Amino acid sequence: MELSERKQKILKAIVDLYIRSAEPVGSKTIAALPDMNFSSATIRNEMAELTTLGFLEQPHTSAGRIPSPAGYRFYIDRLMQDYRLSVDETQSINQAMESRMQELDKAMSQVGKLVSKLTNLPAYTMTAPAREVTVRHFEIILADAGSFILVVMTSDENVKNRLIKLPLHVTEQDLKLLSAVLNASLTGLPASGFTPEVMNRVTRSAGAAASLVPVIVDFTTHVLEEAHRSEIYLTGQNRLLGQPEYQDLTKAQEVLGALDEDTLSNLPARLDPDSPVQILVGPENVAQELKDTSVVVTRFDIGDGMQGMIGVVGPQRMDYAQITARLSYFAEGLGRMFGKPELPAAPKPEVHEAKEEE
């Protein structure tokens, strides 16, 4: 939806003020801003229209307004200005990464703590394969007269094996046929590709070894699901209690109860794979319990087919520009750390200080 320049200016002012104060914003407060050349009456009318359009909400009987999820989304997509990290911030982040990030699992755990401390919000980090893992090759090795070893080689260069007992009627020739059928039908497929139709086709083609297909498929599915499972590190949940929105303990407990690995592990499926940073506002989140919160997530490449993600969870009132800038810098630094030795360059002090003085 297109908004007039005046409506956009007023909406931006309301979001900026509400982020800082957590208090409903009135027309007189807007009119008092130095760059707002409109009367209180005009601003009141525009605020009423923005409320009707769904960009603002009026809590209780307050004369002021607060942004709605739609208002935050318009602000993020159209009005939010880039936040430039200070020299102190970039130096602090670089020093933390240089001193603490040695191994991937330790790095992801530590960076979550650092992000939570810098943003004063719960933070989570996760690692996962950049693409779905598939089977590259099956191999069946006869162990003795009563069993065989199933070897599953996956697309992420892992090899898993399992000893399986043989039915009495299955011969070595039957196993060779089964191996050929598996490699022809199931390689290149993720776990979700093992449909009933595919299984029926494999079973029909397996001949005397058909009874082994369910056991092999169960093991292979488990291998693929384990390979694609995200490693999630969550920290700083109690920081939500310091936010005005969560002074109500019932509301706080509802949100904190939803902040678990199962909920967070569903987030990657909702993110645009072509966007390095994404913001999920309120109802856009995956869990009903998070409908009043926002999530900011950034992704980066680790190498070896792996991808990392860093995110924070907080009130819809969070400072999106600042948090996005900090997460992006962390992600860039981690991406370079696991791919190249250098960290991202900090901005030149004289340029940043000149902008601060303005």
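It should be noted that the structure appears before, not after, this text.
Fair warning: this is a prediction, and the values are worked out from it, not measured in the lab.

1. Quick word on the sheet that holds strand β4 (residues 135-144)
Read from one edge of the open sheet, three strands run β4-β5-β6, paired in antiparallel fashion. Of all the strands in the sheet, the pair left with one neighbour each is β4 and β6 (159-165). Taking the axes of each pair of neighbouring strands and ignoring which way they run, one obtains an average angle of 20° across the sheet. Contacting β4 and β5 (147-154), helix α7 (residues 172-185) runs over the sheet at an angle of about 170° to β4.

2. What to know about the packing of aromatic side chains
The tally for this structure, following the rule as stated, stands at two aromatic pairs. For the pair phenylalanine 55 and phenylalanine 74, a centre-to-centre distance of 5.5 Å together with 75° between the ring planes defines the contact as edge-to-face. Here the residue phenylalanine 55 occupies a position in the loop between α3 (40-52) and β1 (56-57), and phenylalanine 74 occupies one in helix α4 (residues 69-79), the gap between them amounting to 19 residues. With a relative accessible area of 6%, phenylalanine 55 lands in the buried category. We classify phenylalanine 74 as buried; its relative accessible area is 7%.

3. Topic: the nonpolar core
Counting residues in hydrophobic clusters, the biggest one holds 47 residues, and the most contacted among them are Leu11, Ile30, Val115, Val296, Ile310, Val312 and Tyr320. Elements that contribute at least two residues to this core include exactly α1 (5-21), α3, α4, α6 (104-119), β8 (277-281), β9 (293-303), β10 (306-315) and α13 (320-339). When near neighbours in sequence (up to four residues on either side) are disregarded, isoleucine 310 contacts Val111, Val115, Tyr124, Thr125, Val296, Val297, Thr298, Phe300, Leu327, Phe330, Ala331 and Leu334.

4. Focus: the packing of α1 against α4
At their nearest, the axes of α1 and α4 sit 10 Å apart, and the two run at 110° to each other. As summarised for this structure, α1 and α4 are arranged roughly perpendicular, according to the angle between their axes. Contacts between α1 and α4 involve Gln8, Leu11, Lys12, Val15, Asp16, Tyr18 and Ile19 on the former and, on the latter, Gly71, Tyr72, Phe74, Tyr75, Arg78 and Leu79.

Cut-offs and rules
- Residues numbered from 1 in each chain as written.
- Predicted model: local features only at pLDDT ≥ 70, side-chain atom pairs only at ≥ 80, totals over all residues.
- Heavy atoms only, no water.
- Pairing = 2+ DSSP bridges.
- Helix = DSSP H or I, 4+ residues; strand = E, 2+ residues; numbered from the N terminus.
- Axes fitted to C-alpha atoms, helices over the stretch in contact; angles between N-to-C directions.
- Contact = heavy atoms within 4.5 Å.
- Phe/Tyr/Trp six-rings, centres within 6.5 Å; stacked < 30°, edge-to-face > 60°.
- Buried < 20%, exposed > 50% of the residue type's maximum accessible area, 1.4 Å probe, protein only.
- Core = buried A, V, L, I, M, F, W, Y, C linked by side-chain atoms within 4.5 Å.
- Parallel < 35°, antiparallel > 145°, perpendicular 65-115°, else oblique.

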